[in-house]
Amino acid sequence: MSIREITHFIDGKPVVDTPDRTGEVFNPAAGTVAGHVTFADSEMVDRAVASACDAFATWRQSSLAQRTEVLFAYRELLLARRMDLAAVITAEHGKTLEDAAGEVNRGLEVVEYVCGIPQLLKGAYSEQVSRGVDTYTIKQPVGVCAGVTPFNFPAMVPLWMVPVAVACGNSFVLKPSEKDPSAGNLLAEWFCEAGLPDGVFNVVHGDRDAVNALLTHPDVASVSSVGSTPVARHIYETAAAHGKRVQALGGAKNHMVVLPDADLDAAADAAVGAGYGSAGQRCMAISVVVTVGQAADELVERLRSLTRDLKVGAGDEETSEMGPLVTSEHRDKVESYLDAGVQEGADLVADGRAHEVPSPGFYLGPSLFDRVTPEMSIYRDEIFGPVLLVARVDTFADAVELINSNPHANGTALFTRDGGAARRFQNEIEVGMVGVNVPIPVPVAFHSFGGWKNSLYGDLHVYGEDGIRFFTRTKVVTSRWPDAPSAGVSLNFPHG
Ligand code: NAD
């Protein structure tokens with residue numbers, strides 16, 4: 001197989017470059033190097049931002065009709081090429097094709113949402129706030145927006161940001177994960193093909209150097225990022241210190257509470273799908289199943305049996321239910337938690353190292369720990385791999401307290417047949433996204449996505465109404481058009 005060279009996409013075309021630094025891109029299913037990605041230095045970032053600045057001057061004046069024409073065309077292209085994009089994701093990330101196609105679908109939803117941008121950008125108008133005086137609020141773009149995205153959703157997360165930003169009249173510079181960079185380029189090329197003017201959507205590749213150059217660049221107006229908590233905190237602090245608006249989404253440790261009255265078969269199915277899907281490398285993956293009262297033994301037995309039967313294999317094989325991890329380094333880190341958990345006293349009910357997996361490739365089978373307690377490292381750390389934990393508590397209140405004590409607060413779920421318990425849960429739980437009998441409550445595109453606490457730095461969530469707010473700034477105009485004949489000049493404050 002030939003080695004791909006992946007380069008930046010600036011001003012509507014790939015950049016021909018001889019970089020000082022590159023990164024390796026792997027085929028995780030084969031365990032081989034599949035390509036090299038160019039790393040941007042600050043000059044390359046300057047070039048991308050300059051292109052975005054030039055394009056912004058024109059694009060901000062584009063009519064809403066022009067923008068929707070581009071967005072509808074982009075939607076059609078993405079839909080028609082959904083499986084091509086999914087194949088690229090699977091090749092570099094390792095997730096199953098079905099999962100990759102699902103990720104594209106969730107990104108497409110956001111494009112569809114902003115096809116309604118004329119409605120979403122409507123301002124507000126107050127007539128006659130004083131005699132002959134009207135006040136109105138308009139929403140204007142913020143300028144050049146930057147996005148920094150993680151490896152685990154190389155298409156969906158950029159699609160959470162870019163379509164919203166450009167629909168609002170901004171230009172964009174995306175820095176995708178260096179682990180699976182190709183999807184970002186395809187998204188940009190196809191946007192140009194759909195009619196987006198050159199320079200409105202640029203992609204620079206690289207690592208922290210490229211990110212830091214964006215965070216401190218005087219011409220970047222906003223930064224949207226998704227990644228681990230330490231990186232989110234760094235991005236939030238640095239970009240804010242440089243005067244930018246920031247939304248920085250961080251890591252997660254999502255709990256799923258199972259009450260004794262729940263349908264245990266449905267709960268076990270949900271936990272296994274949400275725990276091991278994408279090899280546990282989802283920010284909304286279930287990491288901890290919290291069993292309340294007598295639900296524990298039966299549920300653990302069901303989980304053990306489902307875990308044992310999971311078929312691990314290459315993402316492009318139809319029978320595979322779970323693919324490899326993204327790199328061997330990450331696989332080794334996840335694997336190290338299996339010994340740590342045993343040493344700390346948890347019961348290793350299913351050991352992923354003993355699971356049947358292909359070789360070579362960055363595979364690790366699914367693991368299940370029971371009797372996990374909050375002081376264990378397997379509970380405290382975001383493992384971000386196929387390791388599901390069970391924590392046993394006595395009461396509903398204990399479950400709520402456990403979750404509310406966790407510094408991460410991205411998603412959570414409750415499985416029950418009791419409407420009163422569900423209502424109390426949604427009211428008391430301190431987490432940004434809540435599922436009731438839904439294990440992965442990722443909001444649809446017309447609501448917004450975001451966690452609380454360490455899972456999000458900033459106040460506005462991504463896409464939906466919050467996304468429109470983030471990518472626009474409001475301007476309030478107070479205007480006087482006196483009835484003819486002219487009312488003359490008044491020096492009275494405020495409106496005469
Ligand atoms: P990561 O934090 O390692 O990297 C994210 C991005 O930041 C990448 O583009 C990377 O190049 C860049 N980066 C890495 N280190 C940096 C540094 N020191 N300075 C500046 N930039 C840096 O995350 P990842 O491993 O790619 O993705 C997995 C993480 O993302 C998990 O923690 C997961 O929970 C989180 N995530 C969160 C959400 C959410 O919605 N909250 C969604 C997806 C992923």
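Residues numbered from 1 in each chain as written. Predicted model: local features only at pLDDT ≥ 70, side-chain atom pairs only at ≥ 80, totals over all residues. Heavy atoms only, no water.

Caption draft 1: Up close: the nonpolar core. Core analysis: the largest hydrophobic core is formed by 67 residues, its most contacted members being Leu85, Trp160, Phe201 and Phe449. Split by domain, the residues of this core number at least three in each of domain 1 (4–250 + 455–478) and domain 2 (254–436). Not counting residues within four places of it along the chain, the set of residues in contact with Trp160 comprises Val110, Val226, Leu249, Phe449, Val462 and Tyr463. Formed by 62 residues, the second largest nonpolar core is a distinct cluster that contains Val272, Ala350, Ile403 and Val431. (Core = buried A, V, L, I, M, F, W, Y, C linked by side-chain atoms within 4.5 Å. Buried < 20%, exposed > 50% of the residue type's maximum accessible area, 1.4 Å probe, protein only. Domains from an automatic or database assignment. Contact = heavy atoms within 4.5 Å.)

Caption draft 2: Here's a closer look at helix H2 (residues 64–80). Counted at 1.5 Å a residue, the expected span for H2 with its 17 residues is 24 Å, and the 24 Å between its end C-alpha atoms agrees. Those residues of H2 not exposed but buried are Arg67, Thr68, Val70, Leu71, Tyr74, Leu77 and Leu78. Considering only its buried residues, H2 is in contact with helix H1 (42–59), helix H3 (82–93), helix H4 (97–114), helix H5 (117–120), helix H6 (156–167) and helix H7 (182–193). (Helix = DSSP H or I, 4+ residues; strand = E, 2+ residues; numbered from the N terminus. Expected span 1.5 Å × (residues − 1).)

Caption draft 3: View of the environment of Cys115. With respect to the element layout, Cys115 can be found in the loop between H4 and H5. Residue Cys115 is classed as buried on the basis of its relative accessible area, which comes to 9%. Remark: the alpha-carbon pair of Cys115 and Ile440, spanning 325 residues in sequence, is separated by 26 Å. Sequence-distant contacts of Cys115, that is, excluding residues within four places in its chain, are made with Thr68, Leu71 and Phe72.

Caption draft 4: Expanded view of the packing of H2 against H4. Interhelical geometry of H2 versus H4 gives an angle of 160° and a closest axis separation of 9 Å. Looking at the two axes, H2 sits roughly antiparallel to H4. Once H2 is placed against H4, the crossing between them reads as left-handed. Of H4, the residues touching H2 (which contributes Leu71, Tyr74, Arg75, Leu78 and Leu79) are Leu108, Val111, Glu112 and Val114. A breakdown of the residues in the contact of H2 with H4 according to their chemical character gives seven nonpolar, no polar and two charged. (Axes fitted to C-alpha atoms, helices over the stretch in contact; angles between N-to-C directions. Parallel < 35°, antiparallel > 145°, perpendicular 65-115°, else oblique. Left-handed = near helix turned anticlockwise from the far one by under 90°. Nonpolar A, V, L, I, M, F, W, Y, C, P; charged D, E, K, R; others polar.)

Caption draft 5: Layout of a negative patch on the surface. A contiguous patch of negative charge on the surface is contributed by Asp17, Asp20, Asp41, Glu43, Asp46 and Asp219. Mapping Asp20 onto the fold places it in the loop between strand S3 (13–14) and strand S4 (22–27). For Asp20, a relative accessible area of 76% translates into the label exposed. (Patch = residues over 30% accessible without salt bridge, like charges linked within 9 Å, V, L, I, M, F, W, Y side chains within 5 Å. Areas by Shrake-Rupley, 256 points an atom, 1.4 Å probe, with all protein chains shown as cover. Salt bridge = Lys/Arg side-chain N within 4 Å of Asp/Glu carboxyl O. Lys, Arg positive; Asp, Glu negative; His and termini not counted. Charge placed at Lys NZ, Arg CZ, Asp CG, Glu CD.)

Caption draft 6: Main features of the site of the ligand. Residues in contact with the ligand amount to 27 residues; listed here are only the nearest, Lys175, Glu178, Ser228, Gly250 and Glu382. Residue Glu178 places a side-chain N or O atom 2.7 Å away from an oxygen atom belonging to the ligand. Here an oxygen atom of the ligand and a side-chain polar atom of Ser228 are 2.6 Å apart. The protein chains hide 88% of the 830 Å² of surface that the ligand would expose on its own. Secondary structure elements with two or more residues in the shell around the ligand: helix H8 (208–215) and helix H9 (229–241). Looking at side-chain class alone, the shell around the ligand contains twelve nonpolar, ten polar and five charged residues. Both domains that meet at the shell around the ligand, namely domain 1 (4–250 + 455–478) and domain 2 (254–436), each give it at least three residues. (Near = heavy atom within 4 Å. Polar contact = N/O pair within 3.5 Å; in protein donor to acceptor, adjacent residues only side chain to side chain.)

Caption draft 7: Focus on the packing of aromatic side chains. Applying the stated rule across the entire model yields twelve aromatic pairs. Ring geometry for Tyr125 versus Tyr136: centroids 5.0 Å apart, planes at 0°, classification stacked. Residue Tyr125 is found in strand S6 (residues 124–130), and its partner Tyr136 is found in strand S7 (residues 133–141); the two are separated by eleven residues along the sequence. Overall, the relative accessible area of 53% leaves Tyr125 in the exposed class. For Tyr136, a relative accessible area of 24% corresponds to the partly exposed category. Ring plane angle 90° and centroid distance 5.9 Å describe the contact between Phe151 and Phe384, whose orientation is recorded as edge-to-face. Taken together, the residues span a long stretch of sequence, with Phe151 in the loop between strand S8 (144–148) and H6 and Phe384 in the loop between helix H13 (377–380) and strand S17 (387–393) at a distance of 233 residues. Both residues of the pair, Phe151 and Phe384, belong to the buried class. (Phe/Tyr/Trp six-rings, centres within 6.5 Å; stacked < 30°, edge-to-face > 60°.)

Caption draft 8: Molecular detail of the domain arrangement of the chain. Domain parsing of the chain yields domain 1 (4–250 + 455–478) and domain 2 (254–436). Computed from C-alpha coordinates alone, the two centres of domain 1 and domain 2 are separated by 31 Å. Across the domain 1-domain 2 interface, the total number found is one salt bridge. Put simply, Arg282 and Asp99 hold a salt bridge, and the shortest N to O gap is 2.8 Å. Elements represented by at least two residues in the side of domain 1 that touches domain 2 include exactly H3 and H4. Of all the elements, H3 adds the most residues to the side of domain 1 that touches domain 2, at three residues. Its residues assigned to classes, the side of domain 1 that touches domain 2 comprises seven nonpolar, eight polar and four charged.

Caption draft 9: Fine view of the pairing of strand S12 (residues 245–249). Counting buried positions over the five residues of S12 gives four, a clear majority of the element. The pairing of strand S11 (residues 222–226) with S12 spans five bridges and is parallel. Across the sheet, the residue bridging to Val226 is Leu249, located in S12. With H9 bridging S11 and the parallel S12, this β-α-β connection has right-handed handedness. Examined bridge by bridge, S12 and strand S22 (residues 456–457) share two bridges and lie antiparallel to one another. (Pairing = 2+ DSSP bridges. Right-handed = clockwise from strand over helix to strand, strands pointing away.)

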